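# Analysis of the macromolecular model
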Amino acid sequence: MKIFLDSADIGEIEAHIASGFVDGVTTNPSLIAKSGRNILETIAQICEMVDGPVSAEVAATDFETMLKEGKKLAALAPNVTVKVPLTEAGLRTCRVLREAGTQVNVTLCFTAGQALLAAKAGATFISPFVGRLDDIGHDGMGLIEEICTIYDQYDMTTEVLVASVRSTQHVVDAAMLGADVVTLPPKILTALYKHPLTDKGLAAFISDWEGTGQSIL
Ligand code: E4P
């Protein structure tokens, strides 16, 4: 399962790239707004830092403007993935961009029916938002299971990109279901390393080691 970083913060991305776990980056208009920076400059900069796909989202809602925005974003770098919302105009834009060879991430997916349409429109990635579904008492991971089953059934090549991740358990659940990608807020990627017994065990090993007076180097 690939791990993308869900961030438009250059500092955060740089810090996590060193781990070697960042296979790509996703951004959205809210993350760009939070960064306080220009979208075109930010996406171009992230694309230079990361080898994998970098999702950059259109802001328009009508087909013609969305397509123009998508083409402009795609021209920034070869690893730009244009992100479009799961609307009729978004899927139309997805189809045209895919025919031109551009990678497309269809976002704001909340039902398996929507995911089916995105795959039929040729989406490279579908982004179901598990956390936002859980927030309203629905079953986010149940949606991932449904989408994976449908895509497997018809050998659909659209990759399931689990988005709106709120916990490390979401990551484990996504992996258990065979999702292709998870996009993680930096704090969740950091939390994946952690367990109190790892910290406790390491402290004991260090203390015992110091008692030996030895040095490996
Ligand atoms: C990523 O592609 C999504 O935009 C993001 O994961 C949404 O996360 P949120 O629900 O925490 O805003």
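Located above this text is the structure these notes cover.
For clarity, every value in this text was computed on a predicted model and none was experimentally measured.

## Focus on the site of the ligand
Around the ligand, the neighbouring residues are D6, T26, N28, K83, F129, R132, A163, S164, R166 and T183. One nitrogen or oxygen atom from the side chain of D6 is found 2.6 Å from an oxygen atom belonging to the ligand. Between S164 and the ligand, the recorded distance is 2.7 Å, taken from a side-chain N or O atom to an oxygen atom. With the chains in place, 84% of the 350 Å² that the ligand exposes on its own is no longer accessible.

## Points about the pairing of strand β3 (residues 54-57)
Neither face of β3 is exposed, since V54 and A56 on one face and S55 and E57 on the opposite face are all buried. Pairing analysis gives two bridges linking strand β2 (residues 24-26) to β3, with the strands arranged parallel. Paired with T26 across the bridge in β3 is S55. Bridge analysis of β3 against strand β4 (residues 80-85) gives four bridges, and the strand direction is parallel. Each bridged residue has a counterpart across the sheet, and for A56 the counterpart in β4 is V82. One crossover worth recording links β3 to the parallel β4 by way of helix α4 (residues 63-74), and it is right-handed.

## Topic: the nonpolar core
Nonpolar side chains in soluble globular proteins tend to end up buried together. One finds V106, I126, I147, V160 and V162 to be the most contacted residues of the largest nonpolar core, which totals 57 residues. Non-local contacts of V160, meaning those with residues more than four positions away in its chain, are made with I126, P128, I144, I147, C148, Y151, A179, D180 and V181. Membership of the second largest hydrophobic core comes to six residues, among which are F125, F129, L161 and A163.

## Some points on the sheet that holds strand β8 (residues 181-184)
An order of β1-β2-β3-β4-β5-β6-β7-β8 is seen for the eight strands of this closed barrel, with the pairing classed as parallel. Within this sheet the neighbouring strands show an average axis-to-axis angle of 30°, counted without direction. Where strand β6 (residues 125-128) lies against strand β7 (residues 159-162), two bridges are found, and the strand directions are parallel. The partner of I126 across the bridge, within β7, is V160. Helix α3 (residues 39-49) contacts β2, β3 and β4 of the sheet and is inclined by roughly 170° relative to β3. Packing against the sheet, helix α8 (residues 140-153) makes contact with β5 (103-109), β6 and β7, and its axis sits at approximately 170° to β7.

## Quick word on unusual backbone geometry
Despite not being glycine, L108 shows a phi value in the positive range, around 60°. When you line up the elements, L108 lands in strand β5. Taking the relative accessible area as the measure of exposure, L108 reaches 32% and is therefore partly exposed. Even without being glycine, S164 reaches a positive phi, approximately 60°. On the accessibility criterion, S164 (9% relative accessible area) is buried.

## Thoughts on helix α1 (residues 10-17)
Within α1, the full set of buried residues consists of I10, I13 and H16. Along the axis of α1, the buried positions cluster into a sector of 135°, meaning they face one direction only. With respect to the buried face of α1, the exposed residues turned more than 90 degrees away are E14 and A15. The inward-facing, buried residues of α1 abut β1 (2-6), β2, α3 and α10 (186-192).

## Quick notes on the environment of A179
Counting through the fold element by element, A179 comes out in the loop between α9 (168-176) and β8. For A179 and L161, which are 18 residues apart along the polypeptide, the C-alpha to C-alpha distance reads 6.8 Å. If sequence neighbours within four positions are ignored, A179 has contacts with M1, I144, C148, V160, V162 and A174.

## A closer look at a negative patch on the surface
Taken together, the side chains of D134, D139, E145 and E146 define an acidic patch exposed on the protein surface. Mapping E146 onto the fold places it in helix α8.

Basis of the calculations
- Residues numbered from 1 in each chain as written.
- Predicted model: local features only at pLDDT ≥ 70, side-chain atom pairs only at ≥ 80, totals over all residues.
- Heavy atoms only, no water.
- Near = heavy atom within 4 Å.
- Polar contact = N/O pair within 3.5 Å; in protein donor to acceptor, adjacent residues only side chain to side chain.
- Areas by Shrake-Rupley, 256 points an atom, 1.4 Å probe, with all protein chains shown as cover.
- Buried < 20%, exposed > 50% of the residue type's maximum accessible area, 1.4 Å probe, protein only.
- Helix = DSSP H or I, 4+ residues; strand = E, 2+ residues; numbered from the N terminus.
- Pairing = 2+ DSSP bridges.
- Right-handed = clockwise from strand over helix to strand, strands pointing away.
- Core = buried A, V, L, I, M, F, W, Y, C linked by side-chain atoms within 4.5 Å.
- Contact = heavy atoms within 4.5 Å.
- Axes fitted to C-alpha atoms, helices over the stretch in contact; angles between N-to-C directions.
- Arc of directions from axis to C-beta.
- Patch = residues over 30% accessible without salt bridge, like charges linked within 9 Å, V, L, I, M, F, W, Y side chains within 5 Å.
- Salt bridge = Lys/Arg side-chain N within 4 Å of Asp/Glu carboxyl O.
- Lys, Arg positive; Asp, Glu negative; His and termini not counted.
- Charge placed at Lys NZ, Arg CZ, Asp CG, Glu CD.

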